[in-house]
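# Chain and residue survey
Residues per chain are reported as follows:
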Amino acid sequence: MTASAIKFEVIAAAGEARAGIIRTRRGVIETPVFMPVGTAATVKGIRFEELESSDLDPAIILGNTYHLWLRPGIETIKACGGLHRFMGWQRALLTDSGGFQVWSLGALRKVSEEGTQFRSHIDGSLRFLSPEVSMEVQVGLGSEIIMVFDECAPGRATYDEAARSMELTARWAKRSRVKFDELQLSAKDSSGAPVDDLSGAQALFGIVQGAGHLELRRESMARTVEIGFDGYAIGGLSVGEEKPLMFEIIDATAPHLPAHKPRYLMGVGTPEDLVESVARGVDMFDCVLPTRNGRNGQAFTSKGKINIKNARWTDDTRPLDEACGCSVCRRHSRAYLRHLFLAGEMLSSILLTHHNLAFFLDTMRRVRQSIRSDDFQRFRREFIEGLSSNDN
Ligand SMILES: [Zn+2]
């Protein structure tokens, strides 16, 4: 048997929740894991030194195929030795397929069997993304984990719309697999090197779609698993559907995906969503909330959210979160952070982003620890109680 690109091992479980390890050619990822989003080859507002500091220390971050493909362009990144070298990040990277970004363009796109045509949001030029193009780009970027090119139907799509979209996603998953395998053989990957007993190749994840229809979700899951991938994602959630439906879909999919492969819930969510989804068997997450909301003046804390603009904090000398040990909470007060935000100082975004990422990453650290020490259900109850106390 040939060595695989990644190796996943579950080391402890509590109900459906599991703590595990993903070994990649660029280091070990402990799961459940939160992956900060680095859309345009940067986790917005955070220097890489800070990202690697003990406050944050993620083992993996995301890169965005759509954005990088349009700017600076794949040829530029390849000429600079691949995405890791280009951005100065030596740990693992996961790239999305571009499907979701193209979908979010809405009326500007045209979907056909072949792929999706759309206008670049940068210069208005006509571009075409397909499973084959997405694989070429992601392999060229040199990420450790690559996502299949999918079509995302809105959470409230009708059954017929969602069924058509799910069928198309299944056909595109097959094409992604074929093209990906071909590219791995032709060594187009820009940053691979065999490590330990891994093959040194890139890993490919499939994506379960089907909008808000459980029957379609189950069919999508069966068809995705049948093709066979290194990991499985649940896509198309947190796109406008109601929360109970989101959890219903996670319940109907996550625990039924292959147990020996990582399960990734794409684009979700709040701290509460993360913990509740771990309880349903999810291992990996990404979300722009900690970074985007940080720039907009919102802090996540163990006692719920804080809007830093609020006049309540004018002379409040307490840190954002008294239970947080991050460098922002050790040094700065709510009053100071409010002042920075109102004065339009760029440091406001930097500090709030730092704290928010620290809170998300530390939450996942505590989730892992609680699963390993067989204490997850108590952690889950107390964590959710704390968030909803809103006792800031
Ligand atoms: Zn903090």
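Presented here is an overview of the structure given in this document.

Analysis parameters
- Residues numbered from 1 in each chain as written.
- Predicted model: local features only at pLDDT ≥ 70, side-chain atom pairs only at ≥ 80, totals over all residues.
- Heavy atoms only, no water.
- Pairing = 2+ DSSP bridges.
- Helix = DSSP H or I, 4+ residues; strand = E, 2+ residues; numbered from the N terminus.
- Axes fitted to C-alpha atoms, helices over the stretch in contact; angles between N-to-C directions.
- Core = buried A, V, L, I, M, F, W, Y, C linked by side-chain atoms within 4.5 Å.
- Buried < 20%, exposed > 50% of the residue type's maximum accessible area, 1.4 Å probe, protein only.
- Contact = heavy atoms within 4.5 Å.
- Parallel < 35°, antiparallel > 145°, perpendicular 65-115°, else oblique.
- Left-handed = near helix turned anticlockwise from the far one by under 90°.
- Nonpolar A, V, L, I, M, F, W, Y, C, P; charged D, E, K, R; others polar.

### Overview of the sheet that holds strand 2 (residues 17-24)
With respect to topology, 3 strands assemble into an open sheet ordered 1-2-3, the strand pairing being antiparallel. The open sheet is flanked by strand 1 (7-14) and strand 3 (27-31), the only strands paired with a single partner. Taking each pair of neighbouring strands and ignoring which way they run, the sheet shows an average axis angle of 15°.

### Some details on the nonpolar core
Core analysis: the biggest nonpolar cluster contains 108 residues, and Phe34, Leu94, Met147, Tyr264, Met284, Ile371 and Phe376 have the highest contact counts within it. For this core, the element with the most residues is helix 14 (residues 346-372), which contributes 10 residues. Among all residues touching Ile371, those that are not within four sequence positions of it are Ala12, Ala13, Ala14, Ala17, Arg18, Ala19, Pro32, Val278 and Phe376. In terms of nonpolar packing, the next biggest core, distinct from the first, is built from 7 residues, Ala153, Ala157, Ala162 and Leu216 among them.

### A word on the sheet that holds strand 8 (residues 109-111)
Taking strand neighbours across the sheet as the criterion, the 3 strands line up as 8-9-10 in an open arrangement whose pairing is antiparallel. Two strands bound the open sheet, and with one partner strand each, they are strand 8 and strand 10 (126-129). Taking the axes of each pair of neighbouring strands and ignoring which way they run, one obtains an average angle of 20° across the sheet. Bridge count for strand 8 against strand 9 (residues 116-119) is 3 bridges, and the pairing is antiparallel. Counted as the bridge partner of Arg109 is Phe118 from strand 9.

### Side note on the packing of helix 10 (residues 271-278) against helix 14
Where helix 10 meets helix 14, the closest approach of the two axes is 11 Å, and the angle between their N-to-C directions is 25°. Put simply, helix 10 runs roughly parallel to helix 14. Crossing angle aside, the handedness with which helix 10 passes helix 14 is right-handed. In contact with Pro271, Leu274, Val275 and Val278 of helix 10, helix 14 contributes Phe359, Phe360, Thr363, Met364, Val367 and Ile371. Here the contact of helix 10 with helix 14 is built from residues that sort into 9 nonpolar, 1 polar and no charged.

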